[in-house]
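# Fold and geometry: a report
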Amino acid sequence: MSDPGISQRLALAGVVATVDAVNGLATLARQPESLKQVAVADRLVLTKTDLVAGETAGLVARLAAINPSARVLTAAFGAIEPERLFDMGLDAAPGERPDVQAWLGLDEHAHPGSAVHDGHRHDAGISCFAILREQPIRAITLTLLLEILAEHCGGDLLRLKGIVNIAESPDRPAVIHGVQHVFHPPAWLERWPSDDRRSRLVFITRDIPQVWVEALLEALEAEVSEVAGRV
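Bear in mind the structure is a predicted one, so any value in this text is a computation, not a measurement. What you see as residue numbers is a count from 1 along each chain, following the sequence as written. Only residues with pLDDT of 70 or above have their local features reported here, since the model is predicted, and side-chain atom pairs are shown and tallied only from 80 upward, although totals for entire chains, interfaces and linings are computed over all residues. Only hydrogens and water are removed before side-chain values are computed, so all heavy atoms of the structure are retained for them.

## Some remarks on the pattern of salt bridges
Where we set the bar: Think of a salt bridge as a Lys or Arg side-chain nitrogen and an Asp or Glu carboxyl oxygen that are within 4 Å of each other. Comment: elements are numbered from the N terminus, with helices defined as DSSP H or I runs of at least four residues and strands as E runs of at least two. For every residue, the accessible area obtained with a 1.4 Å probe (protein chains only) is divided by the maximum for its type, and the residue is called buried under 20%, exposed over 50%, and partly exposed between those limits.
Applying the stated criterion across every chain, the model contains 10 salt bridges. Of the charged contacts, one joins Asp42 and Lys161 as a salt bridge, the two residues approaching to 3.0 Å between their closest N and O atoms. In this pair, Asp42 is assigned in the loop between α3 (32-40) and β2 (43-47) and Lys161 in strand β6 (residues 157-166), connecting sequence segments 119 residues apart. Across the pair, Lys161 and Asp42 agree in class, each one buried. When the shortest N-O distance is used, the salt bridge between Arg198 and Asp196 registers 2.8 Å. A relative accessible area of 26% places Arg198 in the partly exposed class. A relative accessible area of 21% places Asp196 in the partly exposed class.

## Observations regarding the environment of Thr18
Residue placement: Thr18 occurs in strand β1 (residues 16-20). Expressed as a C-alpha distance, the spacing of Thr18 and Gln37, which sit 19 residues apart in the sequence, is 9.3 Å.

## Let's talk about unusual backbone geometry
Of note in this structure, Lys48 is not a glycine but carries a positive phi near 60°. With respect to the helices and strands, Lys48 occurs in the loop between β2 and α4 (57-66). Despite not being glycine, Asp207 has its phi angle at roughly 60°, a positive value. Within the element layout of this structure, Asp207 appears in the loop between β10 (199-206) and α7 (210-230).

## Some points on helix α6 (residues 139-153)
Note: α-helices contain 3.6 residues per turn, so residues at a spacing of three or four share the same orientation. Just so we agree on the cut-off: By this rule the span expected of a helix is its residue count minus one, scaled by 1.5 Å. What the arc describes is the spread of directions from the helix axis to the C-beta atoms.
Helix length check: α6, at 15 residues, gives a terminal C-alpha distance of 21 Å against a target of 21 Å (1.5 Å per residue), a fit within 8%. Those residues of α6 lying buried are Thr141, Leu142, Leu145, Leu146, Leu149, Ala150 and Cys153. Looking down the long axis of α6, one finds its buried residues gathered within 155° of arc, a one-sided arrangement. In α6, the exposed residues that point more than 90 degrees away from the buried face are Glu151 and His152.

## Regarding the pairing of strand β3 (residues 71-74)
As a reminder of what qualifies: Should DSSP find at least two bridges between two strands, the strands are regarded as paired. Throughout, right-handed denotes a crossover for which the path from the first strand over the helix to the second runs clockwise when the strands point away from the viewer.
In terms of strand pairing, β2 meets β3 through 4 bridges, oriented parallel. In the strand pairing of β3, Leu46 is matched with Thr74. Handedness of the β-α-β unit built from β2, α4 and β3 comes out right-handed.

## Quick notes on the confidence of the model for the protein
Keep this limit in mind: The score called pLDDT rates the predictor's confidence residue by residue, from a low of 0 to a high of 100.
In this model, the protein carries a mean pLDDT of 82, and residues with pLDDT of at least 70 account for 81%. Confidence scores differ between elements of the protein, with strand β4 (residues 122-123) showing the lowest mean pLDDT of 54 and β1 the highest of 93.

## Quick word on the packing of α3 against α4
Rules: The convention used is that axes are lines fitted to C-alpha atoms, helices contributing only their stretch in contact, and that angles between N-to-C directions extend from 0 to 180 degrees. An angle counts as roughly parallel when it lies under 35 degrees, as roughly antiparallel when it exceeds 145, as roughly perpendicular when it falls between 65 and 115, and as oblique in every other case. We call two residues in contact when some of their heavy atoms are within 4.5 Å. Three categories are distinguished: nonpolar for Ala, Val, Leu, Ile, Met, Phe, Trp, Tyr, Cys and Pro, charged for Asp, Glu, Lys and Arg, and polar for the others, with Gly belonging to the last.
It is the contact of α3 with α4, at a shortest axis distance of 9 Å, that shows an interaxial angle of 75°. Between α3 and α4, the interaxial angle falls into the category roughly perpendicular. Along its contact with α3, which presents Leu35, Val38 and Ala39, the element α4 presents Arg62, Leu63 and Ile66. Taken together, the residues of the contact of α3 with α4 break down into 5 nonpolar, no polar and 1 charged.

If you want it as structure tokens, here you go:
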């Protein structure tokens, strides 16, 4: 997706990863790469469940600890409903308002009245958290944030998804999506899908503290506001 010719015509809607129900727990304990694969996925498909007599509670709990925003599906003897693998993008349901909340994975993991995910859920340094902003974010602030994250944290920024209230375009939210060093150009929705106009940024990271990202965003906001005040 980093190829310019491809990135202009295609966009990543979601990531599907399969998890072996027989060997999954052992693989997660032994292979660091498997943790990363689970962490970036939108859908996790359990396979070979017939061989473990449906005893998957421990594995499912481990997957939820690594990536609480991913939906876990079960393949029965290798079969699964195809539509459940192709409903991950914001445009997955043409003609309807996009379900931003579900796409961001905030439905079950955002605490009422809180601005973040449970940042304490982690596995081998992997954590999932969300940053919410009531006030609109200037376009240059968002650009600087993404550039710094890509340049200095790309290898450990496993996934970033967000809907952003851009100060210069308050009626058309920007949708951002990135995996490690690669950020797709922002997509613009025609209108807000609900009355909630807060900016919501969902991170899946490895050894990147939430407080550091929040401090970086606040510093950039302050710097951009100071420069804008002098113009």
